[in-house]
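One-letter residues, chain by chain:
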Amino acid sequence: MSLLSLKSVTKRFGGLTAVNGLSFDLVAGETVGLLGPNGSGKTTALNMISGYLPVSDGSVALGGDTISGLSPDRIAHKGVARTFQLVRALPSLSVGENVLAALAFRRNPLWGRDAEVRIETLLAQVGLAGRARQPADSLTYIDLKRMELARALATEPSLLLLDEWLAGLNPTELRAGIDLITSLRESGMTILLVEHVMDAVRALCSRCIVMNTGTKIADGPTADVLSDPEVVRAYLGVEDA
Ligand SMILES: Nc1ncnc2c1ncn2[C@@H]1O[C@H](COP(=O)(O)OP(=O)(O)O)[C@@H](O)[C@H]1O
Ligand SMILES: [Mg+2]
């Protein structure tokens with residue numbers, strides 16, 4: 001059975017249809033790329049899956065239960081976590097306190113010593129071992145991204161939504177970032193990854209879904225999708241005749 005199922009999901013902003021009748025399923029354990037040119041509706045799709053935006057039409061189900069219409073908190077409790085295209089940290093707090101804030105929002109909140117232990121485990125998992133006391137506003141860009149991932153993992157998600165998590169990294173950081181996502185994938189997590197870095201898409205995703213102006217234009221094995229003429233045209237911005 002599919003873990004995530006979108007059926008004709010549509011988002012309208014006034015006269016603009018940002019996502020238009022989007023349907024796809026994710027099987028548990030898959031890592032799938034969600035691709036498309038800027039403005040094609042990728043972030044809006046993640047916002048609807050995670051409940052940050054209500055759907056205008058259609059439905060989203062997780063493990064067979066409808067989740068569209070629920071608040072972001074309720075959807076997080078059901079096992080969906082995400083990162084944001086623009087990292088959302090609490091800059092005046094320490095790294096550990098940032099992760100603690102996420103632990104407190106779990107279905108079974110963790111506090112005190114249990115939380116401390118869990119924070120250390122999460123930080124080690126994302127490559128920030130021993131950094132709990134460091135102020136968040138002193139982190140480098142990649143370390144901020146690592147911290148954001150630790151916050152997402154704090155809720156022990158079954159589905160992780162990554163919105164350009166690898167964007168803006170240098171080649172060494174990119175390699176480390178790909179390895180980190182690979183380790184999550186190998187732990188059995190289901191991942192939907194919005195990404196422009198094609199090396200990362202090829203390394204991580206067995207399957208890709210491509211959107212253009214709100215509509216799904218391709219869905220299949222990564223190599224097939226990336227060589228699809230319609231996908232290539234969409235990326236080059238050439239209009240269909
Ligand atoms: N909150 C919003 N209000 C109005 N328009 C929006 C909003 N969010 C996104 N859009 C528009 O929806 C379209 C898709 O945006 P987005 O989902 O961010 O694309 P992508 O992530 O693929 O670059 C764009 O035209 C964008 O300007
Ligand atoms: Mg986006």
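Calculation notes
Along every chain, residues carry numbers that run from 1 in the direction the sequence is written. Throughout, the order in which chains and ligands are written sets their labels, letters from A for the former and numbers from 1 for the latter. Confidence filtering applies because this is a predicted model: local features only for residues at pLDDT of at least 70, side-chain atom pairs given and counted only at 80 or more, and all residues used for totals across whole chains, interfaces and linings. Where side-chain values are given, they derive from all heavy atoms of the structure, hydrogens and water being excluded. Any two strands with at least two DSSP-identified bridges between them are counted as paired. Numbering of helices and strands starts at the N terminus; helices are DSSP runs of H or I of at least 4 residues and strands are runs of E of at least 2. Convention adopted: a line fitted to C-alpha atoms gives each axis, helices being fitted over their contacting stretch, and angles between N-to-C directions are expressed from 0 to 180 degrees. Every residue pair with non-hydrogen atoms within 4.5 Å of one another is taken to be in contact. Near is defined per residue: the residue qualifies when any heavy atom it owns lies within 4 Å of the molecule or strand. Polar contact is defined as a pair of N or O atoms within 3.5 Å, subject to the rule that within protein one atom must be able to donate a hydrogen and the other to accept it, and that residues adjacent in sequence are counted only when both atoms are side-chain atoms. To define a nonpolar core, start from buried Ala, Val, Leu, Ile, Met, Phe, Trp, Tyr and Cys residues and group those joined through side-chain atoms within 4.5 Å. Classification of residues uses two cut-offs on accessible area relative to the type maximum, computed with a 1.4 Å probe and protein chains only: under 20% is buried, over 50% is exposed, and between them is partly exposed. An automatic or database domain assignment is the source of the domain bounds shown. For cavity detection a 1 Å grid was placed over the protein atoms alone, and a set of points counts as a cavity when a 1.4 Å probe fits there but cannot get out; an open set counts as a pocket when protein lies on both sides within 12 Å along at least five of seven lines, with lining residues being those that have an atom within 4 Å of a point. Grid points are joined across faces, edges and corners, and a volume is the space filled by probe spheres set on the points. Three classes are used, and their members are as follows: Ala, Val, Leu, Ile, Met, Phe, Trp, Tyr, Cys and Pro are nonpolar, Asp, Glu, Lys and Arg are charged, and the others, Gly among them, are polar. Within this document, salt bridges are pairs made up of a side-chain nitrogen of Lys or Arg and a carboxyl oxygen of Asp or Glu, the two lying within 4 Å of each other.

Per an unreviewed UniProt entry, the protein chain goes by the name ABC transporter and belongs to Devosia limi DSM 17137.

Novice: Whenever I open this one, the sheet that holds strand β10 (residues 215-221) confuses me. Can you help?
Specialist: Within a sheet, each strand pairs with its neighbour through backbone hydrogen bonds, oriented either parallel or antiparallel. Taken in spatial order, the six strands of this open sheet run β6-β7-β8-β3-β9-β10, and their pairing is mixed. Of all strands in the sheet, those bounded by a partner on one side alone are β6 (80-82) and β10. In this sheet, adjacent strand axes meet at a mean angle of 15 degrees when their direction is disregarded. Across four bridges, the pairing between strand β3 (residues 31-35) and strand β9 (residues 207-212) is parallel. Opposite G33, over in β9, you have C208 as the bridge partner. With respect to the sheet, helix α5 (residues 141-153) is in contact with β6 and β7 (159-163), its orientation differing from that of β7 by roughly 155 degrees. Across the sheet, helix α6 (residues 171-186) lies against β3, β7 and β8 (190-194), angled at about 150 degrees from β8, the strand it touches most.

Novice: Would you mind showing me how to read the site of ligand 1 here?
Specialist: Around ligand 1, the neighbouring residues are F13, L16, A18, P37, N38, G39, S40, G41, K42, T43 and T44. Within the backbone of S40, an N or O atom sits 3.2 Å from an oxygen atom of ligand 1. G41 places a polar main-chain atom, nitrogen or oxygen, 3.0 Å from an oxygen atom of ligand 1. Counting residues per element, the ones that place at least two in the shell around ligand 1 are β2 (16-27) and α1 (42-49). It is α1 that provides the largest number of residues to the shell around ligand 1, a total of three residues.

Novice: For this particular structure, what's the right way to read the pairing of strand β1 (residues 2-13)?
Specialist: Working note: regular strand, side chains alternate between the two faces of the sheet. With eight bridges connecting them, β1 and β2 associate as antiparallel partners. Note on β2: the bridge partner recorded for L4 is L26. In textbook terms, the turn of a hairpin is the stretch between consecutive antiparallel strands, and for β1 and β2 this stretch comprises two residues, one of which, G14, has a positive phi near 55 degrees. Direction of pairing for β1 relative to strand β4 (residues 57-62): antiparallel, over a ladder of five bridges. Bridging across to β4, K7 finds its partner in S59.

Novice: Can you walk me through the nonpolar core in this structure?
Specialist: Considering soluble globular proteins, one finds that nonpolar side chains tend to be buried as a cluster. L149, L160 and L166 are the most contacted members of the largest nonpolar core, which has 48 residues in total. It is α5 that contributes the most residues to this core, six residues altogether. Taken domain by domain, the makeup of this core includes at least three residues from each of domain 1 (2-79 + 157-236) and domain 2 (89-150). Aside from chain neighbours lying at most four places away, what touches L149 is T83, V126, L160, L162, W165, L180 and L184.

Novice: For this particular structure, what's the right way to read the layout of surface pockets?
Specialist: Think of a ball as big as a water molecule: rolled over the atoms, this probe shows where empty space is left. As a volume, the largest pocket reaches approximately 510 Å³. Lining the largest pocket are 19 residues, and of these Y52, F84, A102, R151 and T155 lie nearest its centre. Only α2 (72-77), β6, α3 (95-103) and α5 provide two or more residues apiece to the lining of the largest pocket. No other element matches the four residues that α2 contributes to the lining of the largest pocket. Residues of the lining of the largest pocket, tallied by class, amount to eleven nonpolar, three polar and five charged. Both domain 1 (2-79 + 157-236) and domain 2 (89-150) contribute no fewer than three residues apiece to the lining of the largest pocket. Looking at the lining of the second largest pocket, the elements with two or more residues in it are α3 and α4 (112-125). Ranked by residue count, the leading element in the lining of the second largest pocket is α4, at seven residues. Class assignment for the residues of the lining of the second largest pocket results in five nonpolar, four polar and five charged.

Novice: Sorry, what's going on with the pattern of salt bridges here?
Specialist: A side chain of one charge can pair with a side chain of the opposite charge when the charged atoms of the two come close. This structure, assessed with the given rule, holds eleven salt bridges. Two residues, D143 and R146, come together in a salt bridge whose shortest N-O distance is 3.3 Å. Here the residue D143 and the residue R146 both occupy positions in helix α5, the gap between them amounting to three residues, near one helical turn. A residue is classified by how much of its surface remains accessible, and D143, at 11% relative accessible area, is buried. The salt bridge involving R202 is made with D199; its shortest N-O contact spans 3.9 Å. Of the two residues, R202 and D199 are both situated in helix α7 (residues 198-204); the distance of three residues between them amounts to about one turn of the helix. Among the ionic contacts, a cluster of salt bridges with common partners joins E30, R207, K216 and D219.

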